[in-house]
Amino acid sequence: EQSSLHAAKKRAQTRIEDIERRLKEGDFSKKPTKPVPEDKELHDLRTKRQMLKDEYEIEFEKERRRKRTMREKVYDGVMDVVNIPKSLLSSLDFSAPLRQGLVLSAGNPRAAWRATKEMFRQAFSQKNADEWLAALKQTDQYKLMKDSGLYLAEPTAMLTAREESFISNFAEKIPLVGRLIKGSGRAYAGYLNKLRADVFSYGANQMMDQGITPQPNPKAYEKWAGFINNATGRGELHSTIESATPLLNAMFFSPRFIASRFNLLNPVKYATMPKAARKLAMQNVVAFVGFYAVIAAILGAAGAEEEEDPRSSDFGKFK
């Protein structure tokens, strides 16, 4: 403690002397910060550091869960168990592109293709999933994504941080089947994470090229991130019911997904967007409508039957 205190005093005195010198000499220039050139070794070290930080966060959450009260443990355990059927129904497939990812995939085919490759890479390797996320966290865009509110599913013991279709820890512990469920969950999250990140970066770069930078225009980036969240089925729930997400998932198959679809159809959402973000959002909506119209025409010509009753749970689906 004495050594740390002495070092802090020395740093403060050095800073005082530097400011006094600048005032005396009239030196009001800002020292440019030069980024350290990164080679493969430095990149690997930074990636390893980030992976260890992620592992620490997971263990920290596990320790917090061990210290829960008996009432909290019972509630969380019940919620985990009742969500097992959903994890079983949603596993053993690669359904993210045509489920939560459909709206953005239709408007961003190149990003969808890259996300598809990442989905298969992560499905069979936890290491690939960890390395991809750790590498993303080293980029400048990652901080902007998080500051803007873009949702990215990250490794955690918390149920509320999962994609809705895989909101059960117990399901992953079922002998034999559990490994398949875990792989399906990685694939599902891997596709959506890659798609969200790439589409957000594309839109962010477009806005920056127009001179709309994050510092004075944070709302544009927040609204763009919010649209991406809704387009990929991650609708915003009211803060008062956020902690009850596992319970809502037991009562409804995907409450966030349902909320996201209402948000996508809400004209007020688009009206309150800054012009640049609204333009990007509408481009994606129009692309999806066009994609759906083409598919509908092809299936209709082939004799498929479409459910046209909006009250039906199969509304808009074809047989």
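Structural notes, computed from the coordinates. Quick caveat: nothing in here was measured; it's all calculated off a predicted structure.

## What about the overall build of the protein?
Right, so step 1: Counting secondary structure elements, the protein contains 14 helices and zero strands.
Right, so step 2: Listed N to C, the secondary structure of the protein is α-α-α-α-α-α-α-α-α-α-α-α-α-α in terms of helices and strands.
Right, so step 3: The burial tally for the protein puts 38% of its 319 residues in the buried class.
Right, so step 4: Long-range pairs, those at least 24 residues apart, make up 69% of the contacts in the protein between residues at least 6 apart in sequence.
Right, so step 5: Taken as a whole, the protein presents about 19900 Å² of accessible surface, with 60% of it coming from carbon and sulfur.

## Looking at the packing of helix 2 (residues 40-66) against helix 7 (residues 126-136)
Right, so step 1: The contact between helix 2 and helix 7 brings their axes to 9 Å, and the two run at 105°. Taken together, helix 2 and helix 7 sit at an angle that is classed as roughly perpendicular. Here helix 2 contributes H43, T47, Q50 and M51 to the contact with helix 7, which in turn contributes D130, E131, A134 and A135.
Right, so step 2: Grouping the constituent residues of the contact of helix 2 with helix 7 by class yields three nonpolar, three polar and two charged.

## Description of helix 1 (residues 2-25)
One turn of an α-helix holds 3.6 residues; hence residues three or four places apart share an orientation.
Right, so step 1: For helix 1, built from 24 residues, the straight-helix expectation of 34 Å at 1.5 Å per residue is met to within 8% by its first-to-last C-alpha distance of 35 Å.
Right, so step 2: Looking one or two residues past helix 1, G26 carries a phi angle of roughly 70°, positive in sign.

Definitions and cut-offs
- Residues numbered from 1 in each chain as written.
- Predicted model: local features only at pLDDT ≥ 70, side-chain atom pairs only at ≥ 80, totals over all residues.
- Heavy atoms only, no water.
- Helix = DSSP H or I, 4+ residues; strand = E, 2+ residues; numbered from the N terminus.
- Buried < 20%, exposed > 50% of the residue type's maximum accessible area, 1.4 Å probe, protein only.
- Contact = heavy atoms within 4.5 Å.
- Areas by Shrake-Rupley, 256 points an atom, 1.4 Å probe, with all protein chains shown as cover.
- Axes fitted to C-alpha atoms, helices over the stretch in contact; angles between N-to-C directions.
- Parallel < 35°, antiparallel > 145°, perpendicular 65-115°, else oblique.
- Nonpolar A, V, L, I, M, F, W, Y, C, P; charged D, E, K, R; others polar.
- Expected span 1.5 Å × (residues − 1).

These figures come from the coordinates and say nothing about function on their own.
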